[in-house]
Amino acid sequence: MTGDSKIRILTVDDHPVVREGIAGLVGIQPDMTVVAEAANGRDAIQHFRAHRPDVTLMDIQMPEMNGLDALIAIRTEFPDAKLIVLTTYEGDVHILRALKAGAHGYLLKDASPEDLTRAIRATAEGRTWLDHSVASRLVAEFSRDEEPSAVREPLTDREQEVLRELAHG
């Protein structure tokens, strides 16, 4: 993205009303534009290749290929791709899988329009964005005491980066 150009967005969701709602919201932003829409992960990969968006909004649960598999495929082929998971899933497992897969953001679909546009701008600038409730869940998960017999995998570099970003606001 260059200084004067708009943030180019790919939306990926199997619900047309969600894609249209995002397109409507983005359409009134002076610095954003939707360049493509996809209804499943396979189409998302093809549209990403064709349009090279600045930011991709990706649902998790979709037919044919889910969002996490598509995210991994896109990030494997395009390591600099910036993707935000936009979903209804707020469980720790989904959040950690998305972050491990290379998501730059995780936003719940009940977020405000202002949070969505802030997340898009932050991600376009290379920053990480987490929904406040998602961030709270992660902090609680990693700050609680565990039984001595519990085994926890060490945090990945990406997870450590996300937690550092959380600490900095």
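Details of the structure are given in the entry above.
Draft legend 1. Up close: the overall build of the protein chain. In terms of helices and strands, the protein chain carries 7 helices and 6 strands. Secondary structure elements of the protein chain occur, N-terminal to C-terminal, as β-α-β-α-β-α-β-α-β-α-β-α-α. Per-residue burial for the protein chain yields a buried fraction of 43% across its 169 residues. Sequence-distant contacts, at least 24 apart, represent 65% of the contacts inside the protein chain between residues at least 6 apart. Working note: accessible area of the protein chain is about 8,900 Å², and carbon and sulfur atoms make up 50% of it.

Draft legend 2. Expanded view of the sheet that holds strand β4 (residues 83–87). One open sheet accounts for 6 strands, arranged β2-β1-β3-β4-β5-β6; its pairing is parallel. The open sheet has two edge strands with one neighbour each: β2 (32–38) and β6 (129–130). Inspection of the sheet shows strand β5 (residues 105–108) paired to β6 by 2 bridges, in the parallel sense. Paired with Y106 across the bridge in β6 is L130.

Draft legend 3. Looking closely at helix α3 (residues 67–77). Those residues of α3 that fall on the buried side of the exposure criterion are G67, L68, A70, L71 and I74. Burial along α3 is one-sided: seen end-on, the buried residues are contained in an arc of 160°. Two or three places before L68, at the start of α3, stands the capping residue N66, its side-chain oxygen 2.9 Å from that residue's backbone nitrogen.

Draft legend 4. View of helix α5 (residues 113–124). Here α5 contains 12 residues, and its C-alpha end-to-end distance of 17 Å stays within 8% of the 16 Å for a straight helix at 1.5 Å per residue. Backbone geometry just after α5 places G126 at a positive phi near 95°.

Draft legend 5. Representation of the nonpolar core within the structure. Ranked by internal contacts, the top residues of the largest apolar core, which has 28 residues, are V12, M58, I74, V85 and Y106. Of all the secondary structure elements, the ones that give two or more residues to this core are β1 (7–12), β2, α2 (41–51), α3, β4, α4 (92–101) and β5. Discounting chain neighbours no more than four positions away, the residues touching I74 are A44, I45, F48, M58, A81 and L83. L107, A119, A124 and W129 belong to the second largest nonpolar core, which has 17 residues in total.

Draft legend 6. A look at the side chain of T56. Relative to the helices and strands, T56 resides in strand β3 (residues 55–58). The contacts of T56, once residues within four sequence positions are left out, are L10, V12, F48, K82, L83 and I84.

Draft legend 7. Just the packing of helix α1 (residues 16–27) against α5, in detail. As a packed pair, α1 and α5 sit with axes 11 Å apart at the nearest point and diverge in direction by 75°. For the element pair α1 / α5, the angle class is roughly perpendicular. Contacts from I22, L25 and V26 in α1 reach P113, L116, T117 and I120 in α5.

The rules we used
- Within every chain, residues take consecutive numbers counted from 1 along the sequence as written.
- Side-chain atom pairs in this predicted model are given and counted only at pLDDT of 80 or more, local residue features only at pLDDT of at least 70, and totals for whole chains, interfaces and linings cover all residues.
- To get the side-chain values, take all heavy atoms of the structure and skip hydrogens and water.
- Secondary structure elements follow DSSP: runs of H or I no shorter than four residues count as helices, runs of E no shorter than two count as strands, and numbering proceeds from the N terminus.
- Exposure is judged per residue with a 1.4 Å probe applied to protein chains only, and the accessible area is read against the type maximum: over 50% gives exposed, under 20% gives buried, and values in between give partly exposed.
- We call two residues contacting when some pair of their heavy atoms lies within 4.5 Å.
- Only the protein chains shown count as cover for residues, with accessible areas throughout obtained via the Shrake-Rupley method and a probe of 1.4 Å.
- Strand pairing is defined by DSSP finding a minimum of two bridges between the two strands.
- What the arc covers is the set of directions going from the helix axis to the C-beta atoms.
- Within 3.5 Å is the distance limit for a polar contact, defined as a pair of N or O atoms, with the added protein rule that one can donate a hydrogen and the other accept it, and that residues adjacent in sequence qualify only through two side-chain atoms.
- By this rule the span expected of a helix is its residue count minus one, scaled by 1.5 Å.
- Nonpolar cores were defined as sets of buried Ala, Val, Leu, Ile, Met, Phe, Trp, Tyr and Cys residues, with membership established by side-chain atoms within 4.5 Å.
- A fitted line through C-alpha atoms represents every axis, and for helices the fit uses only the stretch in contact; the resulting angles, taken between N-to-C directions, go from 0 to 180 degrees.
- Angles below 35 degrees are treated as roughly parallel, those above 145 as roughly antiparallel, those between 65 and 115 as roughly perpendicular, and all remaining angles as oblique.

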